[in-house]
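Single-letter residue listing:
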Amino acid sequence: MPNPIGEILDTAAAIAKGMGVTFKEMMSPTVTEYYPDEPPKFEERYRGVHVLQRDANGLEKCVACFLCAVACPANCIYIEAAENTDTVRISGGERYAKVYNIDYNRCIFCGYCVEACPTDAITHGHGFEIASFNTSTLIKRKEDMLAPLPAGAKPPVVAEEAGAAH
Ligand code: SF4
Ligand code: SF4
């Protein structure tokens, strides 16, 4: 036969336990984000819009090896390679990416391109505000993704400018 006193005590204990969790959470710091009034906080490993990195001298790290494009399951990376010369030096390797586009209509932010890159040239940044009604704005060019020059570094020689000088 059920013991009504025991059931009441069990119920009271369960309520007290539940309320204990509630009060503990009430005392914890809030995790509410006030975006867009305040910038959101990201985990370090958040995969946002890509950043094409430069080395300490300001040269582009991308050497146009195409490994990222091959690794991309969405086939959304488009690269055109060009050779560095004595007068035109854009990257630290033999070649550089004259054109480097990522189509964010197709990118699934899987990070395979980042893993495949032998020079750590392509990384995920924290940019996320890319929603658009115009899909053509979702094709980001190298110029949109290049990291800023390090302090004191001179801009790499641009091919067209060097060509025009001859
Ligand atoms: S994150 Fe994935 S889908 Fe996007 S460009 Fe890189 S490999 Fe392709
Ligand atoms: S971003 Fe990296 S993997 Fe892709 S072409 Fe440049 S160097 Fe190669």
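These numbers were taken from a predicted model, which means no experiment stands behind them.

**Student:** Any chance you could explain the packing of aromatic side chains here in plain terms?
**Tutor:** To describe a pair of aromatic rings, one takes the distance between the centres and the angle between the planes. Tallied over the full model, the rule gives four aromatic pairs. Among the aromatic residues, those joined into a cluster by ring pairs are Y35, F42, Y46 and F128.

**Student:** Looking at this structure, how should I read the site of ligand 1?
**Tutor:** By nearness alone, 14 residues border ligand 1, and C72, C107, C110, G111 and C113 come closest of all. Among the residues making up the shell around ligand 1, the classes are represented as eleven nonpolar, three polar and no charged.

**Student:** Looking at this model, I keep getting lost on the nonpolar core. Mind explaining?
**Tutor:** For soluble globular proteins, the rule of thumb is that nonpolar side chains tend to be buried together. I77, I79, Y100, I102, Y104 and I122 are the most contacted members of the largest nonpolar core, which totals 22 residues. Counting only elements with at least two residues in this core, the list comes to β1 (49-52), α2 (67-71), β2 (77-83) and β3 (95-103). If you tally residues by element for this core, the top one is β3, at three residues. Setting aside residues up to four positions removed in sequence, I122 forms contacts with H50, V51, L52, Y100, I102, C113, V114 and C117.

**Student:** What is the right way to look at the sheet that holds strand β5 (residues 139-140) in this model?
**Tutor:** The strands making up a sheet are joined through hydrogen bonds of the backbone, oriented either antiparallel or parallel. Sheet architecture is open: three strands sit in the order β2-β3-β5, paired in antiparallel fashion. Two strands lie at the open edges of the sheet, namely β2 and β5, each paired on one side alone.

**Student:** How do you make sense of the confidence of the model for the protein when you look at a structure like this?
**Tutor:** Of the residues in the protein, 93% have a pLDDT of 70 or more, and the chain-wide mean is 91. When the criterion is pLDDT under 50, residues 162-166 qualifies, and its contacts beyond four places in sequence or with other chains add up to four contacts.

**Student:** When you look at the site of ligand 2 in this model, what are you seeing that I'm missing?
**Tutor:** Surveying the vicinity of ligand 2 reveals 14 residues, the closest of which are C62, C65, F66, C68 and C117. Across the shell around ligand 2, the residue classes break down as 13 nonpolar, one polar and no charged.

Reading the values: rules and limits
Residues numbered from 1 in each chain as written. Chains lettered and ligands numbered in written order. Predicted model: local features only at pLDDT ≥ 70, side-chain atom pairs only at ≥ 80, totals over all residues. Heavy atoms only, no water. Phe/Tyr/Trp six-rings, centres within 6.5 Å; stacked < 30°, edge-to-face > 60°. Near = heavy atom within 4 Å. Nonpolar A, V, L, I, M, F, W, Y, C, P; charged D, E, K, R; others polar. Core = buried A, V, L, I, M, F, W, Y, C linked by side-chain atoms within 4.5 Å. Buried < 20%, exposed > 50% of the residue type's maximum accessible area, 1.4 Å probe, protein only. Helix = DSSP H or I, 4+ residues; strand = E, 2+ residues; numbered from the N terminus. Contact = heavy atoms within 4.5 Å. Pairing = 2+ DSSP bridges. pLDDT = per-residue confidence, 0-100.

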